Amino acid sequence: MKFNAFALLLFVLVTACQPAAQKTPSDTAKKFVMGYNEPVRGVWLTNVASDALYTPDNVRKAVQKCHELGLNTIFVVTWNKAMTMYRSQVMKELTGYELDPALDPDNTGRDPLQEVIDEARKYGIKVIAWFEFGFSSSYNENGGILLQKNPHWASLDAEGRLTTKNGFEWMNALDPEVQDFMLSLVLEVVRNYQVDGVQGDDRLPAMPSEGGYNPAVIEAYKADNFGQAPPTYHKDFNWVQWRAEKLNNFAKRLYTEVKAIKPDCIVSMSPSIFPWSKEEYLQDWPTWVNFGWTDMVVPQVYRKDSAFYTRTLEATYQYILPEKRHMLVPGVLIRVGDWQPSEEYFRYMIEENRRLGLDGEVFFFYEGLDKYAGYLKTIYKP
C-alpha cells in the first residue's frame, strides 16, 4: 500500500511537471470568449503609422478588408496621445478638444469610432474600443495638456520628478482622481456607443514601477506598513506588490462598473508579458483573469524569434487557470516600423497557438495584414 501511494504521488508530480508543449487542445477548444460563438480573430486599428481612421472612405476600406480576410473583431484605438477618437464631452470640458483635431481638420463633425461601428455592423464584425494611451499623460511633451491642466495628477519618481519611461510621461495611476478620470472615458464610450467591448492594454491599468512616490501614496503605504516609508529601490518586492494590488482593485472596479451599465459588454485586457509586466509596470494581470475581472486577455506575445515565441506563449498559458484558458487570445506582432515576420514565421506563430488549443489571435497591427492575406483567407474564411 505504501509503495502504491508513493507511485501514485510520483505519477501526479511527474504529470504536473510536464511542459505545456505536451498539452493537446482540450477543454479550450470548445469554449469561447464571452459573446462569441467562434474563436476571436482580431486586429488592432491604430491612428499611428496608419491612415485607416483619417477619412470615412479609409474606414470603409479597412473594415471591408478585415471582412475579406475572415477577421471577426476590430480593436479600434479610442484614446491616444491624450486625445479621443470619438466625440468626448469629458475631454471637451477638460481640454477643449472633443476629438483629436487631426481626424477632422475641416470640422465636418465626423466621428471615427461611430464610423467603424457602422461599417463593422454590415459584416457582423465586433468592435472593441481600445484605450491605448491608458494612464500615460504624454509622449516626449513633459506631461502634455493633461498635466498642464492638472499638475497634481503627475506620477513622481523617487527623486520627485515626473515619472518618465521610454519617452512616455505618466499620470499617477494610484490617485483616485486620476482613476475617476480614466474610468469616465471608458464609461462614456460604454454609455454612448454600441461597442461590443472595451480594452485596456500595457498602459491600462498600469504605471511604471519607478512611479508612485507621491506624498499621498507614500502616506498610504506607511499606514499599511507600520509607518515604514517606501524603499527608494522601485522594484522592491513588497513595494511592487502593494502598488500592484492598488491597480488590481482598479481593474476590478472598471470591470464592475462597465458591467453595471452594459452586462454583455466585453472587458478585454492586452497587457505585457508576465512577470515582466508586474516588475516594470505593476500589471499583475493573471490575478485579473483568474479572479474574473476581465472577459478576455490578449497578452502581447511580441517576439521576433520562433523559440522565444514558443517559450513566451507556453509560460503565459501556464499563468492562467485551466478553466480560464479559453479567455486567452495571443497578441501577435506582424509589423513594427519596417519589420514584419516572414511568411514562414507568421505561419509558425499561428501553428504554435493551435498546438496549445488556442484557436484565435489578435494582430498588431492593421497595416501588416496585406503580406499574409492569402494565408489568412485559407485559415479564417469558411
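Everything numeric here is computed off the predicted structure, so don't read it as measured data.

The rules behind each value
Residues numbered from 1 in each chain as written. Predicted model: local features only at pLDDT ≥ 70, side-chain atom pairs only at ≥ 80, totals over all residues. Heavy atoms only, no water. Axes fitted to C-alpha atoms, helices over the stretch in contact; angles between N-to-C directions. Helix = DSSP H or I, 4+ residues; strand = E, 2+ residues; numbered from the N terminus. Parallel < 35°, antiparallel > 145°, perpendicular 65-115°, else oblique. Contact = heavy atoms within 4.5 Å. Nonpolar A, V, L, I, M, F, W, Y, C, P; charged D, E, K, R; others polar. Core = buried A, V, L, I, M, F, W, Y, C linked by side-chain atoms within 4.5 Å. Buried < 20%, exposed > 50% of the residue type's maximum accessible area, 1.4 Å probe, protein only. pLDDT = per-residue confidence, 0-100. Salt bridge = Lys/Arg side-chain N within 4 Å of Asp/Glu carboxyl O. Polar contact = N/O pair within 3.5 Å; in protein donor to acceptor, adjacent residues only side chain to side chain. Pairing = 2+ DSSP bridges. Expected span 1.5 Å × (residues − 1).

Trainee: Please set out the packing of helix H7 (residues 215-224) against helix H8 (residues 237-261) residue by residue, giving values where relevant.
Mentor: Each pair of packed helices can be summarised by the angle the axes make with each other and by the distance between the axes. Two numbers describe how H7 lies on H8: the axes approach to 12 Å, and their chain directions differ by 110°. The angle between H7 and H8 places the two elements in the roughly perpendicular class. Residues Val217, Ala220, Tyr221 and Asp224 of H7 touch H8, and the partners they reach there are Asn238, Trp239, Trp242 and Lys246. A class-by-class count of the residues in the contact of H7 with H8 yields five nonpolar, one polar and two charged.

Trainee: Talk me through the nonpolar core; I want residue IDs and the actual numbers.
Mentor: With 117 residues, the main nonpolar core has Trp79, Phe131, Met296 and Phe363 as its most contacted residues. Those residues in contact with Phe131 that lie beyond four places of it in its chain are Thr78, Trp79, Met182, Leu185, Val186, Val189, Val198, Gln199, Asp201 and Leu204.

Trainee: Can you tell me about the confidence of the model for the chain, naming the residues and giving the values?
Mentor: This prediction gives the chain a mean pLDDT of 93; 92% of its residues lie at or above 70. Within the chain, no element has a lower average pLDDT than helix H1 (residues 2-16), which sits at 38, and none a higher one than strand S5 (residues 126-130), at 99. Low confidence marks residues 1-29, where pLDDT is under 50. Its contacts with residues over four positions away, or in another chain, come to 23 contacts.

Trainee: Explain the environment of Thr312 residue by residue, including any values.
Mentor: Its place among the elements puts Thr312 in helix H11 (residues 306-318). The spatial distance from the C-alpha of Thr312 to the C-alpha of Tyr302 is 9.0 Å, given a sequence separation of ten residues. Setting aside chain neighbours within four positions, we find Thr312 in contact with Ile273, Val301 and Arg303.

Trainee: How would you explain the pattern of salt bridges if you had to name every residue and give the values?
Mentor: Applying the stated criterion across every chain, the model contains 21 salt bridges. Here Glu115 and Arg110 are joined by a salt bridge, their closest N and O atoms 2.4 Å apart. Just as Glu115 is buried, Arg110 falls in that class too. For the salt bridge of Arg355 with Glu352, the shortest nitrogen-to-oxygen distance reads 2.8 Å. With Arg355 and Glu352 both in helix H12 (residues 343-355) and three residues apart, the pair spans about one turn of that helix. Of the residues examined, Arg355 reaches a relative accessible area of 23% and is grouped as partly exposed. The exposure class of Glu352 is buried, given its relative accessible area of 10%. Overlapping salt bridges, with partners in common, bring together Lys165, Glu210, Lys235 and Glu280 in one network.

Trainee: Give me the side chain of Gln199: which residues, what numbers.
Mentor: Note that Gln199 resides in strand S9 (residues 197-200). Here Ser268 takes part through its side chain, which lies 3.0 Å from a polar atom of the side chain of Gln199. Among residues more than four places away in sequence, those in contact with Gln199 are Trp44, Phe75, Ile128, Ala129, Trp130, Phe131, Ser268, Met269, Ser270 and Val298.

Trainee: Describe the sheet that holds strand S6 (residues 136-139), and please don't skip the residues or the numbers.
Mentor: Spatially, the three strands line up as an open sheet ordered S6-S8-S7, and their pairing is antiparallel. The two strands at the open ends of the sheet, each matched to only one other strand, are S6 and strand S7 (164-165). Sheet topology places S6 next to strand S8 (residues 168-170); three bridges connect them, and they run antiparallel. Pairing of Ser138 across the sheet is with Glu169, part of S8.

Trainee: Describe H8, with residues and values.
Mentor: Spanning 25 residues, H8 covers 36 Å between terminal C-alpha atoms, matching the ideal 36 Å at 1.5 Å per step. Among the residues of H8, the N-terminal cap falls to Asp236, whose side-chain oxygen and the backbone nitrogen of Asn238 are separated by 3.2 Å.

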